[in-house]
Amino acid sequence: MCATCGCDHSENGINITRVSAEVFQPMASRAGYLLQANSHAHSVLQKVVQAEQDILARNNQLAQHNRIHFDAAGVFVINLVSSPGSGKTALLERTLRDLQTALPFAVIEGDLQTTNDANRIAATGAPVVQINTGKGCHLDADMVHRAWHELNPPERSILFIENVGNLVCPAMFDLGEHARVAIISVTEGTDKPLKYPDMFASSQLCIINKIDLLTYTDFDVQRARAYCRQINPMIEFIELSVTKGFGMDEWYAWLKKQPRHSVTRDKLSLCTN
Ligand SMILES: Nc1nc2c(ncn2[C@@H]2O[C@H](COP(=O)(O)OP(=O)(O)O)[C@@H](O)[C@H]2O)c(=O)[nH]1
Ligand SMILES: [Mg+2]
């Protein structure tokens, strides 16, 4: 899938191998072949790990640069992550409609294709920029930097970044955000935090959405919370239903308490494009 983080590369160290007794026959030629294959796999793996480290190091530098922009403008930035369909865009639509007279907002939308989500956000009247990643399965700091300059969000606003729907790769890429909010919905299965621990380890808040559907599923809210806390003891939770409106007040209170003041920075480190 992803052209940047390498998750589509067959050489990325993941091999699924059925081992049969035949492999262990003491044949000199077979042993030599295995040794060669293993050392080749090892050197490929080393190169992939190095490339991955380089990409992430470069991304972290850019994320730091983004943070300087955000802080200088007093903009509080939230990176919204989830599987596709958990309700990220729906949550934003309702939040913007309910709160935008009280708080200034801006949105960066991330998707592989289409401007569908940006259209939904634009209909609320909030400023929005869509990033289409093509085949890329996550946003990175460079994309957000470009979108930031395109959007130019109002000072002291809240900037939402809706990441590409994926609980894997977005976990690795710091965008410079102040808070990462992971959404799971009750139709996805209780064990999501255990299956995708990096995402929950790096998030400050976990929203459990579609609570209105709880009676139709076997989702166990207390167990999902316990799995999350096993990975990240500090994570906070809000249970809500975007469509029915349950729990939205708690989400709004969380948003309102986030700091939005300009932090003086060395202006020389800011760029204009
Ligand atoms: N029943 C129910 N459906 C919801 C809720 N929140 C979102 N949805 C639906 O879930 C689907 C996916 O929502 P969307 O916001 O596009 O998900 P995204 O891919 O995470 O942005 C849509 O059909 C929404 O109407 C909720 O609280 N309850
Ligand atoms: Mg969406």
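Report follows, based on the coordinates. Since we're looking at a predicted model, the values are computed, not measured. (Residues numbered from 1 in each chain as written. Chains lettered and ligands numbered in written order. Predicted model: local features only at pLDDT ≥ 70, side-chain atom pairs only at ≥ 80, totals over all residues. Heavy atoms only, no water.)

1. Overview of the overall build of the chain
Okay, step 1: Secondary structure assignment for the chain yields 8 helices and 7 strands.
Okay, step 2: Looking at the chain as a whole, 45% of its 273 residues are labelled buried.
Okay, step 3: For the chain, long-range pairs separated by at least 24 residues make up 74% of all intrachain contacts whose partners lie at least 6 apart in sequence.
Okay, step 4: Roughly 14,200 Å² of accessible area belongs to the chain as shown, and the carbon and sulfur atoms make up 53% of that amount. (Helix = DSSP H or I, 4+ residues; strand = E, 2+ residues; numbered from the N terminus. Buried < 20%, exposed > 50% of the residue type's maximum accessible area, 1.4 Å probe, protein only. Contact = heavy atoms within 4.5 Å. Areas by Shrake-Rupley, 256 points an atom, 1.4 Å probe, with all protein chains shown as cover.)

2. Comments concerning the site of ligand 1
Okay, step 1: In the vicinity of ligand 1 lie 17 residues, with Gly85, Lys88, Thr89, Ala90 and Asp212 positioned nearest.
Okay, step 2: The separation between an oxygen atom of ligand 1 and a polar main-chain atom of Ala90 is 2.8 Å.
Okay, step 3: For ligand 1, whose free accessible area comes to 590 Å², the fraction covered by protein is 72%.
Okay, step 4: Counting residues per element, the shell around ligand 1 draws most heavily on helix 2 (residues 88–99), which supplies 3 residues.
Okay, step 5: Broken down by class, the residue content of the shell around ligand 1 amounts to 4 nonpolar, 8 polar and 5 charged. (Near = heavy atom within 4 Å. Polar contact = N/O pair within 3.5 Å; in protein donor to acceptor, adjacent residues only side chain to side chain. Nonpolar A, V, L, I, M, F, W, Y, C, P; charged D, E, K, R; others polar.)

3. Observations regarding the nonpolar core
Okay, step 1: Ile78, Phe160, Trp251, Trp254 and Leu255 are the most contacted members of the largest nonpolar core, which totals 27 residues.
Okay, step 2: Tallying contributions element by element places helix 8 (residues 248–256) first for this core, with 5 residues.
Okay, step 3: In this view, Trp254 contacts Ile78, Ala179, Val181, Leu205, Glu236 and Ile238; residues no more than four positions away in its chain are not counted.
Okay, step 4: Ala106, Met143, Trp148 and Leu159 belong to the second-largest nonpolar core, a separate cluster that totals 18 residues. (Core = buried A, V, L, I, M, F, W, Y, C linked by side-chain atoms within 4.5 Å.)

4. Observations concerning the packing of aromatic side chains
Okay, step 1: Going through the model one piece at a time under the given rule, you end up with 4 aromatic pairs.
Okay, step 2: Plain terms: the ring middles of Phe105 and Phe160 are 5.6 Å apart, the flat faces sit at 15 degrees to each other, and that makes the pair stacked. Of this pair, Phe105 sits in strand 2 (residues 105–111) while Phe160 sits in strand 4 (residues 158–162), placing them 55 residues apart in sequence.
Okay, step 3: We classify Phe160 as buried; its relative accessible area is 0%.
Okay, step 4: Geometrically, the ring pair formed by Trp251 and Trp254 is stacked, given 5.7 Å between the ring centres and 10 degrees between the ring planes. Highlighted residues: Trp251 and Trp254, both in helix 8, separated by 3 residues, approximately one helical turn. The two residues Trp251 and Trp254 agree in class, both being buried. (Phe/Tyr/Trp six-rings, centres within 6.5 Å; stacked < 30°, edge-to-face > 60°.)

5. With respect to the side chain of Thr89
Okay, step 1: Along the polypeptide, Thr89 turns up in helix 2.
Okay, step 2: Once residues lying within four places of it in the same chain are set aside, the contact partners of Thr89 are Glu109, Asp117, Arg120, Ile121 and Glu162.

6. With respect to the coordination of the magnesium ion (ligand 2)
Okay, step 1: Around the magnesium ion (ligand 2), the protein supplies Thr89 (OG1), Asp117 (OD) and Glu162 (OE) as donor atoms, at distances of 2.1 Å.
Okay, step 2: Mapping the donors of the magnesium ion (ligand 2) onto the primary sequence gives the spacing T-x27-D-x44-E. In this pair, Thr89 is assigned in helix 2 and Glu162 in strand 4, connecting sequence segments 73 residues apart. Taken individually, Thr89 and Glu162 each receive the classification buried, so the pair is uniform in this respect. (Donors = N, O, S within 2.8 Å, 3.2 Å for Na, K, Ca; no water.)

7. A look at helix 2
Because each turn of an α-helix spans 3.6 residues, side chains separated by three or four positions in sequence point in the same direction.
Okay, step 1: Across its 12 residues, helix 2 extends 16 Å between first and last C-alpha, which sits within 8% of the 16 Å expected from 1.5 Å per residue.
Okay, step 2: Those residues of helix 2 that fall on the buried side of the exposure criterion are Lys88, Thr89, Leu91, Leu92, Glu93, Thr95, Leu96 and Leu99. (Expected span 1.5 Å × (residues − 1).)

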